[in-house]
Amino acid sequence: MTVLSDRQQLSYIASQAADARLNVELETEGMTLNIGPQHPATHGTLRIICRLDGEQVVWAEPSCGYMHRGYEKLTEVRTFPQVTTLVNRIDWLGSFANEVPFILAAEKLMEIEAPPRAQVIRTILFELSRIANVSLFLGDLGVQMGAITPVFLAFRDREYVLNLIEGATGGRFHPNFDRIGGLKDDLPAGWIAETKQVMVKLREFCDIIEDLLFGNEIFQSRMRGIGIIPADVAKDYGLSGANLRASGVDYDLRRDQDIAMAWDKADWKVWTHPDGDSFARCWIRLQETRESCKIVEQLLDQVPAGPIMTKVPRIIKVPEGEAWVSTENPLGEMGYYVVSKGDLGPFRVKIRSASFNNISIVPWALTGVYVPDIITILASLYFILGDIDR
Amino acid sequence: MGLVDKGRMPASLTKLFNMSRSYSLWVYQWGLACCAIEMGAAFGSPRYDVMRLGVIPLPASPRQADFVCISGTVTDKMAPAVRRLWEQMPEPKYAISMGSCANCGGPYWDSYSVTKGVDQIIPIDVYVPGCPPRPEALLEGIVLLQQRIKNEDMAAKWRGDEGFTSLQATRERERVAAAPISEPANPAPDREPIVVGGGPIE
Amino acid sequence: MARLSDSTDTTAEDALALPGDGLREGIIDDLRRRIGDAVIDTHIAPNDDLWVRVSTESWRDTAVALKAAGFTFFSFLSGLDWMPSPYGKGEEDPTAEPQEPDTEIRQGVTGGETRFQVFARLVDLDRHVGVTVKADVPDDRPVVDSWSSVFAGANWHERECHEMFGIGFNGHPDLRNMYLPTDFEGYPLRKDFPLLARMIKPWPGIVDVEPMPAQDTAGEGSASDEPAGGES
Amino acid sequence: MIQLAIEIPYWGQSLLRVLGGLVAVLLPAGTIVYLFLFKMMSFMQSRLGPMEAGPYGSLQLVAEVGKWMQKEDLAPEAADLRIFKMAPLIVLLSTFLLVVIVPFGPDAYFTNFSVGVFLGLAVASVSVLGILIAGWASANKYSLLGGLRAAGQLIAYELPMVLAVLGVVIQAGSMNMQEITVVQNTGEIFGISWFGNPFIITQFIGFLIFMIAVQAELTQAPFDMPIAESELVSGYMTEYSGFRFLIFFIAEFATAGVFAFIASVLFLGGWGIPFSWFGWDNIDQVPDWMNLVGPLIMFTKMLVLTFIIMWVRFSMPRFREDQLQTFAWKVLIPLALLNTAVTAIFKVAL
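Residues numbered from 1 in each chain as written. Chains lettered and ligands numbered in written order. Predicted model: local features only at pLDDT ≥ 70, side-chain atom pairs only at ≥ 80, totals over all residues. Heavy atoms only, no water.

Visitor: Quick question: what am I supposed to make of the overall build of chain D here?
Guide: Secondary structure summary: chain D contains 13 helices and zero strands in total. Each helix (α) and strand (β) of chain D, taken in turn from the N terminus, gives the series α-α-α-α-α-α-α-α-α-α-α-α-α. Taken against the 2.2 N^0.38 rule, which gives 20 Å for 350 residues, the C-alpha radius of gyration of chain D at 21 Å falls within 12% of a compact globule. Projecting the C-alpha coordinates of chain D onto the three principal axes gives extents of approximately 65 × 50 × 45 Å. Within chain D, buried positions represent 57% of all 350 residues. Relative to all contacts within chain D whose residues are 6 or more apart in sequence, the contacts with residues 24 or more apart total 77%. As presented, chain D carries roughly 14100 Å² of accessible surface, and 76% of it is formed by carbon and sulfur atoms. (Helix = DSSP H or I, 4+ residues; strand = E, 2+ residues; numbered from the N terminus. Rg over C-alpha atoms; globule rule 2.2 N^0.38 Å. Buried < 20%, exposed > 50% of the residue type's maximum accessible area, 1.4 Å probe, protein only. Contact = heavy atoms within 4.5 Å. Areas by Shrake-Rupley, 256 points an atom, 1.4 Å probe, with all protein chains shown as cover.)

Visitor: Please clarify how the overall build of chain C should be interpreted in this entry.
Guide: Along the backbone of chain C there are five helices and seven strands. Secondary structure elements of chain C, listed N to C terminal, follow the sequence α-α-β-β-α-β-β-β-β-α-β-α. Put simply, chain C has 232 residues, and 49% of those count as buried. If you take every contact in chain C between residues at least 6 apart in sequence, the share linking residues at least 24 apart comes to 63%.

Visitor: Honestly, the pattern of salt bridges in this entry has me stumped. Any pointers?
Guide: One side chain can pair with another of opposite charge once the charged atoms of both are near each other. Under the counting rule described, the total for this entry stands at 58 salt bridges over all chains. The partner of A:E76 in a salt bridge is C:K191, and the shortest N-O contact between them spans 3.4 Å. Here C:K191 lies in the loop between β7 (168-170) and α5 (196-200) and A:E76 lies in the loop between α2 (71-75) and α3 (80-87), a pairing that spans two chains. Across the pair A:E328 and A:R245 runs a salt bridge, and its minimum N-O distance is 3.3 Å. (Salt bridge = Lys/Arg side-chain N within 4 Å of Asp/Glu carboxyl O.)

Visitor: Just to check I follow, could you spell out the nonpolar core for this structure?
Guide: Across soluble globular proteins, nonpolar side chains show a tendency to be buried alongside one another. Residues A:L128, A:F214, B:I70, C:W59 and C:W147 are the most contacted members of the largest nonpolar core, which totals 217 residues. No other element matches helix α5 (residues 116-145) of chain A, which puts 15 residues into this core. Filtering out sequence-adjacent residues up to four positions away, B:I70 remains in contact with B:W30, B:L32, B:V82, B:I96, B:S97, B:M98, B:A102, B:V118 and B:I122. (Core = buried A, V, L, I, M, F, W, Y, C linked by side-chain atoms within 4.5 Å.)

Visitor: I tried to follow the environment of D:V99 on my own but got confused; where do I start?
Guide: Residue and element names in this part refer to chain D. Note on placement: V99 falls in helix α3 (residues 81-99). The exposure class assigned to V99 is buried, which follows from its relative accessible area of 2%. Between the C-alpha atoms of V99 and G120, which are 21 residues apart in sequence, the distance is 8.2 Å.

Visitor: In this structure, what is going on with the packing of aromatic side chains? I would like to understand it.
Guide: Any aromatic ring pair is given by two values, namely how distant the centres are and how the planes are angled relative to each other. If you walk through the whole model with that rule in mind, you get 43 aromatic pairs over all chains. With 5.7 Å between their ring centres and 70 degrees between their planes, A:F102 and A:Y336 make a pair best called edge-to-face. Pair noted here: A:F102 is in helix α4 (residues 96-110) and A:Y336 is in strand β7 (residues 332-340), with a separation of 234 residues, a long-range link. Ring plane angle 80 degrees and centroid distance 5.0 Å describe the contact between D:Y240 and D:F248, whose orientation is recorded as edge-to-face. These aromatic residues form a ring-pair network of at least three members: B:W26, D:W68, D:F245, D:F249 and D:F253. In this structure, A:R158 is placed above the aromatic ring of A:F173, and the distance from its NZ or CZ to the ring centre is 5.6 Å. The positively charged end of A:R285 is found above the aromatic ring belonging to A:F137, 4.8 Å away from the centroid. (Phe/Tyr/Trp six-rings, centres within 6.5 Å; stacked < 30°, edge-to-face > 60°. Lys NZ or Arg CZ within 6 Å of the ring centre and 35° of its normal.)

Visitor: I'm lost on the confidence of the model for chain C in this one. Help?
Guide: Should the pLDDT be low somewhere, the predicted coordinates at that spot are not to be read in detail. The predicted model of chain C averages 76 in pLDDT, with 71% of residues at 70 or higher. Every residue in residues 1-19 of chain C scores below 50 in pLDDT, and together they form 18 contacts with partners more than four places removed in sequence or on other chains. (pLDDT = per-residue confidence, 0-100.)

Visitor: Teacher, can you tell me more about the sheet that holds strand β8 (residues 348-352) of chain A here?
Guide: Within a beta sheet, neighbouring strands are joined by backbone hydrogen bonds and run either parallel or antiparallel to one another. All names here are of chain A. The strand order across the open sheet formed by three strands is β6-β7-β8, and the pairing between neighbours is antiparallel. Strand pairing shows two members of the sheet lacking a second neighbour, β6 (321-329) and β8, which therefore form its edges. Going from strand to strand, the sheet's axes swing by 10 degrees on average, the running direction of each strand aside. Relative to β7, β6 is paired through nine bridges, and the arrangement is antiparallel. Bridging from a neighbouring strand, W324 pairs with Y337 of β7. (Pairing = 2+ DSSP bridges. Axes fitted to C-alpha atoms, helices over the stretch in contact; angles between N-to-C directions.)

Visitor: Mind showing me how you'd approach the confidence of the model for chain D here?
Guide: Residues and elements named next belong to chain D. Here chain D shows a mean pLDDT of 86. Residues at 70 or above account for 97%. Mean pLDDT in chain D bottoms out at helix α10 (residues 229-232), which sits at 72, and peaks at helix α9 (residues 204-217), which reaches 92. Here the prediction assigns the complex a pTM of 0.86, and the interface score ipTM is 0.85.

Visitor: Help me understand the packing of helix α2 (residues 22-35) of chain C against helix α3 (residues 59-68) of chain C, please; the structure alone is not making it clear to me.
Guide: The description of two helices packed together rests on the angle between their axes and the distance between the axes. Residue and element names in this part refer to chain C. One can describe the packing of α2 onto α3 by two numbers: an axis separation of 10 Å at closest approach and a directional angle of 130 degrees. For the element pair α2 / α3, the angle class is oblique. Judged by the sense of rotation from one axis to the other, the crossing of α2 with α3 is right-handed. Taking contact as the criterion, the partners of L31, R34 and I35 in α2 are, on α3, D61, T62, A65, L66 and A68. Within the contact of α2 with α3, the residues separate by chemical class into five nonpolar, one polar and two charged. (Parallel < 35°, antiparallel > 145°, perpendicular 65-115°, else oblique. Left-handed = near helix turned anticlockwise from the far one by under 90°. Nonpolar A, V, L, I, M, F, W, Y, C, P; charged D, E, K, R; others polar.)

Visitor: What am I meant to see in the pairing of strand β2 (residues 49-54) of chain C here?
Guide: The side chains of a regular strand alternate between the sheet's two faces. Residue and element names in this part refer to chain C. In terms of residue burial, β2 counts as a mostly covered element, since six of its six residues are buried. With burial as the criterion, each face of β2 is covered, one bearing D49, W51 and R53 and the other bearing L50, V52 and V54. Direction of pairing for strand β1 (residues 39-45) relative to β2: antiparallel, over a ladder of six bridges. Residue T42 lies in a different strand from β2, and its bridge partner there is V52. Here β1 hands over to β2 after three residues, with N47 in that stretch at a positive phi of 55 degrees. Of the strand pairs in this sheet, β2 and strand β5 (residues 129-137) are connected by four bridges, and their pairing is parallel. Residue pairing for β5: V54 is matched across the bridge by A135.

Visitor: Just to check I follow, could you spell out a nonpolar patch on the surface for this structure?
Guide: Side chains of D:W11, D:L15, D:V18, D:L19, D:L22 and D:L26 sit close together on the surface and give an oily, nonpolar patch of about 600 Å² of accessible area. Tracing the sequence through the fold places D:V18 in helix α1 (residues 10-44). (Patch = residues over 30% accessible without salt bridge, like charges linked within 9 Å, V, L, I, M, F, W, Y side chains within 5 Å.)

Visitor: Can you help me understand the interface of chain A and chain C in this one?
Guide: One widely used convention gives an interface's size as the accessible area the parts lose upon coming together. In this complex, chain A contributes 52 residues to the contact, which on the side of chain C involves 66 residues. Here chain A is connected to chain C by eight salt bridges. Where C:K134 meets A:E322, a salt bridge forms, and the shortest distance between an N and an O atom there is 2.8 Å. Taken together, chain A and chain C are joined by 19 residue pairs in polar contact (both at pLDDT 80 or more). (Polar contact = N/O pair within 3.5 Å; in protein donor to acceptor, adjacent residues only side chain to side chain.)

Visitor: Can you walk me through unusual backbone geometry in this structure?
Guide: Trans peptide bonds make up the majority, and among non-glycine residues the majority have a negative phi. Across the junction of B:C131 and B:P132, the peptide omega takes the value -10 degrees, indicating a cis bond. By secondary structure assignment, the location of B:P132 is in the loop between β5 (126-128) and α6 (135-150). A positive phi is found at A:Y382, a non-glycine position, where the angle reads about 55 degrees. Look at A:Y382 and you get buried, because its relative accessible area is 2%.

Here it is, written out as structure tokens:
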């Protein structure tokens, strides 16, 4: 893992600025390219308007809103249980992970806590949805770079994880399994043994992707040294998750805050990378998938007996107050600022989604870059449209 | 094609054209929301491989596509883009509306920025209910679309007056037209969309 | 950019030494020293969270001060509308008797005078502590200073807050609409912005609530076991 | 052409040549599209590939052609219509011109130029014009980018191809494709002569450079910047629909087949049966039945080489534009020059 020296990073940033200015003297008339709402590279309906000079991007501006469904307005007219149904469609790949922070915020307001068994199962399902999310990212990375085959590997191994989630919760990837105070019901019999086998398969998948894709020289030459984001710029824009850890910031919400989940029961490692380039971001997500497999395997042996749900009144009225809970979602830090006035439904829910901040750095990151690198940087930042537009 | 317009194509040739159109459906890679992941699972995963049905997800531009699968929420800002992409597709084109967001606005029925159903924008052939529908449901939708294409009356389609009419409907209309006046003429069934699992189509 | 080395005060170092929520007291004292009486009200949830309400004029100085104090991670910035919605709460509790909609504006944790408030959250990644900063937005002229020169990430958040609440940010490079089409009139997240679909037809999922015949009404009220608007 | 009992009038011979040309181009294109694009790609990705149309999807090609004939042929309103419609024909034309020089048997050949290789390489660059015209005429920013990239790439990779072939021509001592075939099958290396001397052994570097250059000429996976699906939607083919797109689609795979023919002639011993040459010394001693066996041998060698091309296409990610150019100018061309020099030295010294 050759470490890009500081000199290289600074020279890259300087070259970015220089390239953009270089073309002014040649006064070549630029072309405005519209990577429109329908584009194979954007995972959905993100539109990027960029002004090109030849193949180089002089100015780029994403235009969002094509998937804006008005979540924060809808949460104000729904009761608490209904909001979880709505909320797990924000980041539609790791969707169990969306419900957990909202439910924890509601539980914090009601000063109740899920029983230990529910906490461990929540953490296991959280990590399973992370594996499902990031494994598709690893496959999709290949398609962005032009290799068609890795995405089929990713979908094949993702199906095992989806079978597990469906076995436990009934829904492939919109489970709606979380309740305020615990879980909907318990794990089916034999689920734990089956999960262990699937984790072995997922580790093999990570090894295959590592030498099929990450070991490929063309892939490395396309990813290394592209889209370098230094640590303080990342913090300024509020990048979170693997994008932040790839710039060398050792910050992971699963370890750095005490929250009613069971991450502290397993020992696992937070990976960081000093380079901050596209390769680092993808490499960290690959290592995090392996860590998630490790967490799930360890937690599976420690699922305590006991009830699955605490005593919660049938009609839930969350007492008045405000609470902020954020967890380390597959895309980054997702948090909910829930304001409640003691009614059936929340008064206001501010949804802090990870991709919104991750994509706000695109105008800074894309200046002075070649057209193919737009796709590389976007692929490595890894966003989901529902997360950006809410 | 002249022959097709005047509707005098021999039945066997129509059957051959319909069969070839139904077995080589090209669809271009375009997903909107969570249903796009289930569509991706249907198009791009070995378990629900859609290429074995003859649907080839290779092209990336609407110009080379035969049918489009609207998978996900169509918001008001996205509606003109959907309409434009529909018009860019060459003529014998079909559309599958996948997921309850595309069918009728789904869980966002009361949102201020979601179009309640994509059929307000483009004509839809098959509706696949579900949020998100399983990849098998999408495969069933595709099989129903293929059945529909096999029984389609190309002449009516090329004349472009009534949208989709099946061969049986045309023969029924011709039989009625040829029959003596005494028989009451029943109008050709207009376009009634198929809902997946909604019973066999003729 | 180089970290602003706050060489002036020494208490920041010993603030770290305080156990538990001493850390948050230390932060508040450090903030009071930097921006003086601009800090109007603070609220500490021990070992959990920290709210600070500052005056509207010193909204931008708070950002500069907190960034100097080590809160370099910009989490989010958004608005709050404290007026209860004139169209009801969407889901009334079927068991409670219907009250008349109260129109009294009651602010949240750290109080406030005006209907609108703008709030943001900053996190110090080294000490693993976050602070939520709030400021009132005057009702007559809803404009606040922009944070985009302090935190580059605030640019998009302020554009979204502008189009959703109508709060202006002076000093912001381009306050165009973030999500809504340019010709969208009205500010959706304001409580008096109606959801038309709900006006026309009530939510199809409302189950008409009548007690189960066998159920003794003495128990927990006459609610059917499936509460109206429960998990659908 | 084949000297049958009856004397074929001149127009008969040219008719046979035209039919032969069509078969030599469209048959490989059809088998490649079905066998490799549909079936092999699917089996590589552990799925089945088209199974509905006919047993095991064998009639998929019939369905494809049948459907593409019914498609509406759109042309963007701002496009330069005449050139827009002409572009795919130019690309297909260059494929037909290329197949003219390939010998399929001692007498089964279209033309027997004494400078066949030279003509082949000259004609190979005509397809660049077709692609550039397609990119420029379809008034679409993505196709413009695709067309320009294609122009830069194809020119950059023609040089290594020519130099790689130079090594073969020096060793064979002639540019006539028939003689190259005969020299490969009659020669021997260090005394072992039972399997002849196919140039893939002595010219292995040349073979590698040629195959890489062919991969780039076909704008395929590691070098598919012009049709980069994930960036330029589908490059210069974005605006094409209906039958015109089918011509582009066929031309793409037909060129792959024809380049595989040329590579098998230059490096794998052409129509000679791999391990048995029955001791013929020159072209006249070869019996007539070889005119029937030759095309079959050529077809199998073409399938082997196309398998390699497609295998690389379906599994490699894509170069970036400038990496592609530096790879051609700074790596392939010096290597090819070195290879030519070494071959010349061996030729003179031995």
